[in-house]
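Breakdown of the fold
Chain residues, written in single-letter form:
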Amino acid sequence: MQWPEVPPGLAAPYTAPLSSAPSPLFGVIIPGYPVQTNVSLVDTGRWTVNLGVAPESFVVFLTMSEPLPPGHGIGLFLAREDTMSFQYVGALTQQQASCIVKVSAIFLNTSEPTRVVLGLALEREEELQNLGLTQEQALQQSQVATKVAIAERILEDLYGFVVSYARTITLGVGSGTSGISSIEPGDYVVMPASFVDKWRARLQTKIAKDNAFLA
C-alpha cells in the first residue's frame, strides 16, 4: 500500500505529528492484551501499529479526542512485517468509531507464526467506500472458490470410500446375471445401500475430528 498525500486544508491533529496531539488518536485491542495506543507516524495522515503475531481478530477504535475532518475517515490496512504489502480490512468514521477486524487466513495459515502490521490512513469517505466494494467482491470470489474446494474434498472422500468397499462386476451379452438383463453391458460398481449411510456417518466424524478437512 502506498501512502498518498493528504488533501490540503485539513486541521490538526490529523495533519500534524503525533507529538503535537494532546492524546492518542487511535486504540487497538487484541484479545488477552492491554489496549495499544503506541501508534507510529509514517507520514502526514499515515500511521502504523506493530501487532506482533497475527491474532484471529482485533478491534480498532477512534479515541474521539479530536473529531475527524469533515468527509473523511480512517482506512485500516494489514500487512505482514516481512513484506509490508498492505491489504484493506476496514474503516473508521465519525459515525462508526470502532471496527472489529477478522484477520484473513492468508495471515494465519502458515507453518510459522506471522507478525503483522496495522496501517491507518486518512482517506476521503468516497475512497473508503470504493475500497469496501473491492474488498467485498474479493471476499465473494474467495467464498465461491472455498465452496468449490469443499465440494471437491467431499467428492474425493466419497470416491475413495466407494472404491475401497464396493466391488466391480462386468455385464455382457449372455453373462447370465439374473434380474438385470435390461442393463447395458459394461463395468458396474455394486455396493449395499447401507454403505451410503456408513459413508455419511464417517464423513461427519471426520469433519468433527479434523477442522482442517473442510479448510
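Read on for a plain summary of the structure. In this text the structure is predicted, and so the values were computed from the model without any measurement.

1. Focus on the overall build of the protein chain
The helix and strand inventory of the protein chain stands at 2 helices and 10 strands. Shown N-terminal to C-terminal, the secondary structure of the protein chain runs as helices and strands in the order β-β-β-β-β-β-β-β-α-β-β-α. When the accessible surface of the protein chain is split by element, carbon and sulfur atoms take 54% of a total near 13500 Å².

2. Observations regarding the nonpolar core
Formed by 26 residues in total, the largest nonpolar core has its most connected members in Phe58, Ile74, Leu76, Leu118 and Leu120. Of all the secondary structure elements, the ones that give two or more residues to this core are strand 1 (26-29), strand 3 (46-53), strand 4 (57-62), strand 5 (72-80), strand 6 (87-92), strand 7 (98-102) and strand 8 (115-124). It is strand 8 that provides the largest number of residues to this core, a total of 4 residues.

3. Considerations on the environment of Leu131
Secondary-structure assignment places Leu131 in helix 1 (residues 125-165). Between the alpha carbons of Leu131 and Gly90 there is a distance of 8.6 Å; along the sequence they are 41 residues apart. If near-sequence neighbours (up to four positions away) are discounted, Leu131 is found in contact with Phe77 and Tyr88.

4. Quick look at the sheet that holds strand 7
Ordered in space as 1-4-7, the 3 strands form an open sheet in which the pairing is antiparallel. Both edges of this open sheet fall to strand 1 and strand 7, since each of them pairs with a single strand only. Between one strand axis and the next, the sheet turns by 20° as a mean value, whatever way the strands run. Where strand 4 and strand 7 come together, 5 bridges link them in antiparallel fashion. Bridge assignment links Val60 to a residue of strand 7, and that residue is Cys99.

5. Observations concerning unusual backbone geometry
Residues other than glycine seldom take positive phi values, yet Met84 does so here, at roughly 55°. With respect to the element layout, Met84 can be found in the loop between strand 5 and strand 6. Residue classification places Met84 among the partly exposed positions, given a relative accessible area of 36%.

6. Considering the pairing of strand 3
By the criterion of burial, strand 3 is predominantly enclosed, with 6 of the 8 residues buried. Bridge count for strand 2 (residues 40-43) against strand 3 is 3 bridges, and the pairing is antiparallel. For Ser40, the partnering residue across the bridge sits in strand 3 and is Thr48. Linkage of strand 2 to strand 3, two consecutive antiparallel strands, is achieved through a turn of 2 residues, within which Gly45 is found at a positive phi near 75°. Here strand 3 runs beside strand 8; their pairing, made up of 7 bridges, is antiparallel.

Reading the values: the criteria
Residues numbered from 1 in each chain as written. Predicted model: local features only at pLDDT ≥ 70, side-chain atom pairs only at ≥ 80, totals over all residues. Heavy atoms only, no water. Helix = DSSP H or I, 4+ residues; strand = E, 2+ residues; numbered from the N terminus. Areas by Shrake-Rupley, 256 points an atom, 1.4 Å probe, with all protein chains shown as cover. Core = buried A, V, L, I, M, F, W, Y, C linked by side-chain atoms within 4.5 Å. Buried < 20%, exposed > 50% of the residue type's maximum accessible area, 1.4 Å probe, protein only. Contact = heavy atoms within 4.5 Å. Pairing = 2+ DSSP bridges. Axes fitted to C-alpha atoms, helices over the stretch in contact; angles between N-to-C directions.

Any functional reading would require information that these geometric values do not contain.
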